[in-house]
Amino acid sequence: MEKSTSASRSILIQDVGILLFALAMLGASLVTGLTDKTLVYQNAALLLAMTLSALLTGLRARVAGTVVTALTILVFTVYKLYNRIAYAVPIEWTAYLWPVLLVMALGGVTMFVALFATIEGLNGVLNRRLDELTVMDPVTGLENLRSMVNSLKRYMALSERNGTSMGLMIVRLRYSDEIRKVLTRQQFSDLRHLLAAAVQNALRLEDRVFTIDENASLGIIYFSLESGAPIVKNRILTVVQKEDMLPTVEGQVLNVEVSVVYKQYDSAYGKDAMRFISDVEKEFAYEV
């Protein structure tokens, strides 16, 4: 009930804001169009200042919009008083309307935009929370890059403390851009799923497999001596070569090829998982 009341109040405030702005613009237009022609330039300038203030406020520059409105009222007041005192020019009754109209327009746009600013802030928080909580990729069923980074930090710390031999391996699909152009979205999703399953079947139970992007790339935290890493790599290349993962497209059978690079963990990395991942990715420059 409280949420419903709060939502209704927010919508009411937004409606009142747009109504105030509309009334202010209507009043300013009538004053500009119906008053003495000698005042047309003055009123046109005030109308333009009102529009500028509303535009700035609508673009989330509320301070700038407020400053424009305040300066407009100040300059207009000084101008009218100066003409009255120096030249005995009478102040027309419509001059008293302009400060009210300017403030109405500013207040209306501010009320209207405030609700959107609140919603955008809430959406930003929700998106960050979802990014933090989402660790499973729905296509492959594997944990994602965020989870890999967190896991890698823990395993690096354990390796440093217990002397466990471990390393990081990255599997990348060759010609992924070209393959995506040929396959439908569903076919490429099926390819990602089959590739992930094949790599998992080629590894031991203790090794961890992660999906790290939407181009079918995989990250593997393996536990073995450096001499065992080439064996793991060859096992992956063999199983991928044997698996039939792609459908026949226009009578042509497409082959899946992957590049595999790895690097053994060194105590010099400490717990810097991002530097470790970056150094492994640099190995692709030497992969033929």
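Rules used in this analysis
- Residues numbered from 1 in each chain as written.
- Predicted model: local features only at pLDDT ≥ 70, side-chain atom pairs only at ≥ 80, totals over all residues.
- Heavy atoms only, no water.
- Helix = DSSP H or I, 4+ residues; strand = E, 2+ residues; numbered from the N terminus.
- Buried < 20%, exposed > 50% of the residue type's maximum accessible area, 1.4 Å probe, protein only.
- Areas by Shrake-Rupley, 256 points an atom, 1.4 Å probe, with all protein chains shown as cover.
- Phe/Tyr/Trp six-rings, centres within 6.5 Å; stacked < 30°, edge-to-face > 60°.
- Lys NZ or Arg CZ within 6 Å of the ring centre and 35° of its normal.
- Pairing = 2+ DSSP bridges.
- Axes fitted to C-alpha atoms, helices over the stretch in contact; angles between N-to-C directions.
- Contact = heavy atoms within 4.5 Å.
- pLDDT = per-residue confidence, 0-100.
- Core = buried A, V, L, I, M, F, W, Y, C linked by side-chain atoms within 4.5 Å.
- Parallel < 35°, antiparallel > 145°, perpendicular 65-115°, else oblique.
- Left-handed = near helix turned anticlockwise from the far one by under 90°.
- Nonpolar A, V, L, I, M, F, W, Y, C, P; charged D, E, K, R; others polar.

**A short note on the overall build of the protein chain**
Step number 1: Regarding its fold elements, the protein chain presents nine helices and six strands.
Step number 2: Counting only residues that meet the buried cut, the protein chain has 37% of its 288 residues in that class.
Step number 3: As presented, the protein chain carries roughly 17400 Å² of accessible surface, and 61% of it is formed by carbon and sulfur atoms.

**Brief notes about the environment of Lys 153**
Step number 1: Following the sequence through the fold, Lys 153 ends up in helix 5 (residues 145–162).
Step number 2: Residue class for Lys 153 comes out partly exposed when judged on its relative accessible area of 38%.
Step number 3: For the pair Lys 153 and Ala 273, spaced 120 residues apart in sequence, the C-alpha to C-alpha distance is 5.6 Å.

**Considering the packing of aromatic side chains**
Step number 1: Tallied over the full model, the rule gives five aromatic pairs.
Step number 2: Judged by centre distance (5.9 Å) and plane angle (80 degrees), the ring pair of Tyr 82 and Tyr 87 falls under edge-to-face.
Step number 3: Residue class for Tyr 87 comes out exposed when judged on its relative accessible area of 55%.
Step number 4: Linked through ring pairs, Tyr 265, Tyr 269 and Phe 276 together constitute an aromatic cluster.
Step number 5: A cation sits over an aromatic face here: Arg 172 above Phe 284, 3.9 Å from the ring centre.

**Here we look at the sheet that holds strand 6 (residues 258–264)**
Sheet strands associate in pairs through backbone hydrogen bonding, adopting either a parallel or an antiparallel arrangement.
Step number 1: Strand order across the open sheet formed by four strands is 2-3-1-6, with antiparallel pairing between neighbours. Whereas interior strands pair on both sides, the edge strands pair on one side only; in this sheet they are strand 2 (208–211) and strand 6. The sheet shows a mean angle of 20 degrees between the axes of neighbouring strands, taken without regard to direction.
Step number 2: The sheet strands contacting helix 5 are strand 1 (167–173), strand 2 and strand 3 (218–222), and the helix crosses strand 2 at an angle near 150 degrees.
Step number 3: Of the strands in this sheet, strand 1 and strand 6 are in contact with helix 9 (residues 273–282), which crosses strand 1 at around 50 degrees.

**Observations concerning the pairing of strand 1**
Step number 1: Taking burial as the measure, the seven residues of strand 1 include six buried ones, the bulk of the element.
Step number 2: Across five bridges, the pairing between strand 1 and strand 3 is antiparallel. Note on strand 3: the bridge partner recorded for Val 171 is Leu 218.
Step number 3: Both strand 1 and strand 6 contribute to a ladder of seven bridges, which runs antiparallel. Directly across from Arg 172, in strand 6, lies its bridge partner Ser 259.

**Thoughts on the confidence of the model for the protein chain**
Step number 1: Looking at the protein chain, the pLDDT average stands at 85 and 86% of residues meet or exceed 70.
Step number 2: Of all helices and strands in the protein chain, the one with the weakest mean pLDDT is strand 4 (residues 248–249) (54), whereas strand 3 scores best (95).

**Here's the deal with the nonpolar core**
Step number 1: Residues Ile 220 and Ile 236 are the most contacted members of the largest nonpolar core, which totals 28 residues.
Step number 2: Listing elements by their share of this core, those giving two or more residues are strand 1, helix 7 (185–202), strand 3, helix 8 (229–242) and strand 6.
Step number 3: Looking at this core, the element that brings in the most residues is helix 7, giving seven residues.
Step number 4: With 19 residues, the next largest nonpolar core counts Ile 212, Val 261, Tyr 269 and Ile 277 among its residues.

**Here's the deal with the packing of helix 2 (residues 40–58) against helix 3 (residues 62–87)**
Step number 1: The contact between helix 2 and helix 3 brings their axes to 7 Å, and the two run at 160 degrees. In terms of their interaxial angle, helix 2 and helix 3 are classed as roughly antiparallel. Note that helix 2 runs across helix 3; the crossing there is left-handed. For the pair formed by helix 2 and helix 3, the contact residues are Gln 42, Leu 46, Ala 49, Leu 52, Ser 53, Leu 56 and Thr 57 on the first element and Arg 62, Ala 64, Gly 65, Val 68, Thr 69, Thr 72, Phe 76, Tyr 79 and Lys 80 on the second.
Step number 2: Within the contact of helix 2 with helix 3, the residues separate by chemical class into eight nonpolar, six polar and two charged.

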